[in-house]
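Fold and geometry: a report
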Amino acid sequence: PSQDFTTVKDIVKNILNDVKQRGDEALKDYTKQFDKIELDNFLIGAEEWQTANNIPEDLKTAIQLSIKNVSAFHAARQQPVQKIKTMPGVVCWRKSVAIDKVGLYIPGGTAPLFSTLIMLGVPATIAGCQEIILCTPPQKNGLVHPAVLYAAQQIGITKIYKIGGAQAIAAMAYGTKTIN
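Residues numbered from 1 in each chain as written. Predicted model: local features only at pLDDT ≥ 70, side-chain atom pairs only at ≥ 80, totals over all residues. Heavy atoms only, no water.

**Describing the pairing of strand β3 (residues 101-105)**
To keep it simple, the criterion reads: With a 1.4 Å probe rolled over the protein chains alone, any residue whose accessible area is under 20% of its type maximum counts as buried; one over 50% counts as exposed, and the rest are partly exposed. Secondary structure elements are defined from DSSP: runs of H or I of at least 4 residues count as helices, runs of E of at least 2 residues count as strands, and each element is numbered from the N terminus. We treat two strands as partners when DSSP finds at least two bridges between them.
Because side chains alternate across β3, one face comprises the buried residues Val102 and Leu104, and the other comprises Lys101, Gly103 and Tyr105, none of which is buried. In the sheet, β3 pairs with strand β4 (residues 131-136) via 5 bridges, with the strands oriented parallel. Bridge assignment links Tyr105 to a residue of β4, and that residue is Cys135.

Right under this line is the structure:
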C-alpha cells in the first residue's frame, strides 16, 4: 500500500489496449521490446517439444511426484452434487462445472516456474477443461525452458505460446489471430 502503482497501471493498460487493437503485431513488438527476441511464430513446434527430454532424471522424477501429489489433493476435492431441502419447496445445491477453455500464464523471467504450471494445470485437467492453453515468456535463446515443457507434457497440455507479461494476458483475454 505504500507504493504508488499508477505508472505501472498505465503501462499495463496501454499494453492491454494495444494487444486488443493490433493483436499479433503488438505481441511481436512487445516480445522484441521486453524479451529481446524476434519471433515469427509463438506456438511451440514439434522440434522444441523434444527439448523436454533434456532435463535431468531427478528433476523428471520430482515433477512427476509433484503432479501425483497435486492430482491426489484436487481429485479428493471433487464432490457429487448434494441436494439440500432448506424448507418446504426450496432445494439448494452446489454443482461444479468445468470451463471449456482456460488460459494459464506461467512466469518464466528469471526461473522456469513449472511448479505454477503444475498448480494450475492439474486442477484444470481434473476439472475437465476441454482446452488448456499456456503462455510463458521465451528464454534468451527464444525457447521455452525444457522443464516447463516436460511438466506440460506430463499434465497433457499441448498448446504453449512463447509470450510473456501483460501482453500474454491480453492475448488470452481478448484473443488474437494466433491465440483464439
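That was the structure; now back to the text.
**Comments concerning the packing of helix α1 (residues 6-22) against helix α2 (residues 24-35)**
Put simply, the rule is: Lines fitted to C-alpha atoms define the axes, with helix axes restricted to the stretch in contact, and inter-axis angles between N-to-C directions lie between 0 and 180 degrees. Roughly parallel means an angle under 35 degrees; roughly antiparallel means over 145; roughly perpendicular covers 65 to 115; every other angle is labelled oblique. In this description, contact between two residues means that some pair of their heavy atoms is separated by no more than 4.5 Å. Just so you know the grouping, Ala, Val, Leu, Ile, Met, Phe, Trp, Tyr, Cys and Pro go in nonpolar, Asp, Glu, Lys and Arg go in charged, and all remaining residues, Gly too, go in polar.
For the pair α1 and α2, the least separation of the axes is 6 Å and the interaxial angle reads 140 degrees. In terms of orientation, α1 lies oblique with respect to α2. Every residue of α2 that contacts α1 at Asn14, Ile15, Asp18, Val19 and Arg22 is listed here: Asp24, Glu25, Ala26, Leu27, Asp29, Tyr30 and Phe34. The residue makeup of the contact of α1 with α2, split by class, is 6 nonpolar, 1 polar and 5 charged.

**Description of the state of the cysteines**
Simply put, the disulfide is a covalent bond whose two ends are the sulfur atoms of two cysteines. Going by this rule: Note on terminology: disulfide denotes any pair of cysteine sulfur atoms within 2.5 Å.
All chains considered together, the criterion is met by 0 disulfides. For the unlinked cysteine Cys129, the closest cysteine sulfur is that of Cys135, found at 15 Å. Residue classification places Cys129 among the buried residues on the basis of a relative accessible area of 14%.

**Remarks on the environment of Glu25**
Along the chain, Glu25 falls in helix α2. Given a relative accessible area of 43%, Glu25 falls into the partly exposed group. Between the C-alpha atom of Glu25 and that of Ile160, which follows or precedes it by 135 residues, the distance is 18 Å.

**Focus on the pattern of salt bridges**
Keep this limit in mind: Salt bridges are defined as contacts in which a side-chain nitrogen from Lys or Arg sits within 4 Å of a carboxyl oxygen from Asp or Glu.
All chains considered together, the criterion is met by 7 salt bridges. Close ionic contact of Glu38 with Lys32 constitutes a salt bridge, the shortest N to O distance being 3.6 Å. Assessed through its relative accessible area of 63%, Glu38 is described here as exposed. The residue Glu57 makes a salt bridge to Lys60 at a minimum N-O spacing of 3.2 Å. Remark: Lys60 and Glu57 occur in helix α4 (residues 57-77); sequence separation between them is 3 residues, near one turn of the helix. Exposure remark for Glu57: the relative accessible area of 54% places this residue in the exposed category. The exposure class of Lys60 is buried, given its relative accessible area of 11%.

**Considering the packing of aromatic side chains**
Quick note on the threshold: Between rings of Phe, Tyr and Trp, where Trp is taken as its six-membered ring, a pair exists when centres lie within 6.5 Å; planes separated by under 30 degrees are stacked, by over 60 edge-to-face, and by other angles tilted. By the criterion adopted, a ring carries a charge over it if an Arg CZ or a Lys NZ lies within 6 Å of its centre and within 35 degrees of its normal.
Overall, the coordinates contain 1 aromatic pair when judged by the stated rule. With a centroid separation of 5.8 Å and 10 degrees between ring planes, the pair formed by Tyr30 and Phe34 is classed as stacked. Here Tyr30 and its partner Phe34 are both found in helix α2, 4 residues apart, which amounts to about one turn of the helix. The exposure class assigned to Phe34 is partly exposed, which follows from its relative accessible area of 39%. When the ring centre of Trp93 is taken as origin, the NZ or CZ atom of Lys83, which lies over that ring, is 4.7 Å away.

**Thoughts on α1**
Threshold: Working rule for helices: expected span equals 1.5 Å times residues minus one. Throughout, the arc means the angular range of directions from the helix axis out to the C-beta atoms.
Taking 1.5 Å of rise per residue, 17 residues should cover 24 Å, and α1 covers 24 Å from first to last C-alpha, within 8% of that figure. Listed in full, the buried residues belonging to α1 are Ile15, Asp18 and Val19. Down the axis, α1 shows its buried residues gathered within 95 degrees of arc, on one side only. Among the exposed residues of α1, those oriented more than 90 degrees off its buried face are Lys9, Lys13 and Gln21. On its buried face, α1 sits against α2 and α7 (165-174).

The values are spatial; any link to function lies outside them.
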